[in-house]
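Summary of structural features
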Amino acid sequence: MKPKLIIGIVAIVGFTSLLMYNFGNSISTYVNFEQASGMEGAHVVGTWDDSQQYGFSMESKQFSFYMKDQEGNTRRVVYPKSKPNNFEQAEKLVVIGEMEDGVFYANEMLMKCPSKYNNADAAEFEKANTSKSS
C-alpha cells in the first residue's frame, strides 16, 4: 500500500470518530435529579414547587427556587439570571446544568407555557383561516 493511501484512511477514520463523538455529546435526554449527579449539561424536566421559598438575591445576583422532577424529587435550583417573565405560568420547566451538593446549578432554563390555542374552538380556527384566504 502506498503511504498516502494509509494516511488518507487514517485521517478519514479519525475525522469520522471525532464527528461521531461530538454528535453523541450533543444528544441529550431528560434525567431526574438523582441521575443528574455527576453529569455536565444534564437536562432535568419538572415543575416549580410553589410551596417553598423562591426569589432573586441581589447579593449573589441569582434566582433560586425549588423544582420537583418527574420522579417526585425536589431540589433547590440556582439560576444565574433574573426570573423569567412567564415563570409562574409555566406548566413545566427544563433546567440545564449540573448537580452539586444537592443543589442544581442551571445554566439555562426552558419553560413550557400553556398555549392560548389549547382551548380554542375549532369553528373559530376555521373562521380565521377562511377570512385570511379570501
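Source: prediction; values computed, not measured.

1. Side note on unusual backbone geometry
Although it is not a glycine, Lys 61 sits at a positive phi angle of roughly 60 degrees. Relative to the elements of secondary structure, Lys 61 occurs in the loop between strand 3 (55–57) and strand 4 (62–69). Backbone geometry at Asp 101 places phi at a positive 55 degrees, although glycine is not the residue there. For Asp 101, a relative accessible area of 77% puts it in the exposed group.

2. Topic: the side chain of Ser 64
You can see Ser 64 is positioned in strand 4. Accessibility expressed as a relative area gives 17% for Ser 64, which makes it buried. Dropping the residues within four chain positions of it, Ser 64 is found in contact with Tyr 54, Gly 55, Arg 76, Val 77 and Val 78.

3. Notes on the nonpolar core
In this structure, Val 44, Phe 65, Met 67, Val 77, Leu 93, Val 95 and Phe 104 are the most contacted members of the largest nonpolar core, which totals 19 residues. Among the secondary structure elements, those contributing two or more residues to this core are helix 2 (33–36), strand 2 (42–48), strand 4, strand 5 (74–79), strand 6 (92–100) and strand 7 (103–112). Sequence-distant contacts of Val 77, that is, excluding residues within four places in its chain, are made with Phe 33, Phe 63, Ser 64, Phe 65, Met 67, Val 95, Phe 104 and Ala 106.

4. Some details on the environment of Leu 93
Checked against the element boundaries, Leu 93 lands in strand 6. Remark: the alpha-carbon pair of Leu 93 and Met 67, spanning 26 residues in sequence, is separated by 8.3 Å. Non-local contacts of Leu 93, meaning those with residues more than four positions away in its chain, are made with Val 44, Val 45, Gly 46, Thr 47, Trp 48, Phe 65, Met 67, Phe 87, Met 109, Leu 110 and Met 111.

5. Some points on the pairing of strand 2
Of all seven residues that make up strand 2, six are buried, and the element is covered over most of its length. Both strand 1 (residues 30–31) and strand 2 contribute to a ladder of two bridges, which runs parallel. From the neighbouring strand, Tyr 30 faces strand 2, where its bridge partner is His 43. In the sheet, strand 2 pairs with strand 6 via five bridges, with the strands oriented antiparallel. The partner of Val 44 across the bridge, within strand 6, is Val 95. Strand direction decides the pairing type here: strand 2 and strand 4, joined by three bridges, are antiparallel. Each bridged residue has a counterpart across the sheet, and for Gly 46 the counterpart in strand 4 is Asp 69.

6. A short note on a nonpolar patch on the surface
Nonpolar side chains collect at one region of the surface, where Met 1, Leu 5, Ile 6, Ile 9, Val 10 and Val 13 lie side by side and expose about 610 Å² of accessible area between them. Locating Val 13 in the fold gives a position in helix 1 (residues 3–26).

7. Focus on the UniProt feature "transmembrane region" (unreviewed entry) in the protein chain
UniProt marks residues 5–24 with the feature "transmembrane region" (unreviewed entry), using the numbering shown here. Taken end to end, residues 5–24 is 100% helix and 0% strand, and its two terminal C-alpha atoms sit 28 Å from one another.

8. Considerations on the pattern of salt bridges
As enumerated under the stated definition, the model contains two salt bridges in all. Between Arg 75 and Glu 34 there is a salt bridge, with the nearest N and O atoms lying 2.5 Å from each other. Highlighted residues: Arg 75 in strand 5 and Glu 34 in helix 2, separated in sequence by 41 residues. For Glu 88, the salt bridge goes to Lys 83, with nearest N and O atoms at 2.7 Å.

Scoring rules and cut-offs
Residues numbered from 1 in each chain as written. Predicted model: local features only at pLDDT ≥ 70, side-chain atom pairs only at ≥ 80, totals over all residues. Heavy atoms only, no water. Helix = DSSP H or I, 4+ residues; strand = E, 2+ residues; numbered from the N terminus. Buried < 20%, exposed > 50% of the residue type's maximum accessible area, 1.4 Å probe, protein only. Contact = heavy atoms within 4.5 Å. Core = buried A, V, L, I, M, F, W, Y, C linked by side-chain atoms within 4.5 Å. Pairing = 2+ DSSP bridges. Patch = residues over 30% accessible without salt bridge, like charges linked within 9 Å, V, L, I, M, F, W, Y side chains within 5 Å. Areas by Shrake-Rupley, 256 points an atom, 1.4 Å probe, with all protein chains shown as cover. Salt bridge = Lys/Arg side-chain N within 4 Å of Asp/Glu carboxyl O. UniProt positions renumbered as here; feature names shortened; annotations may be inferred.

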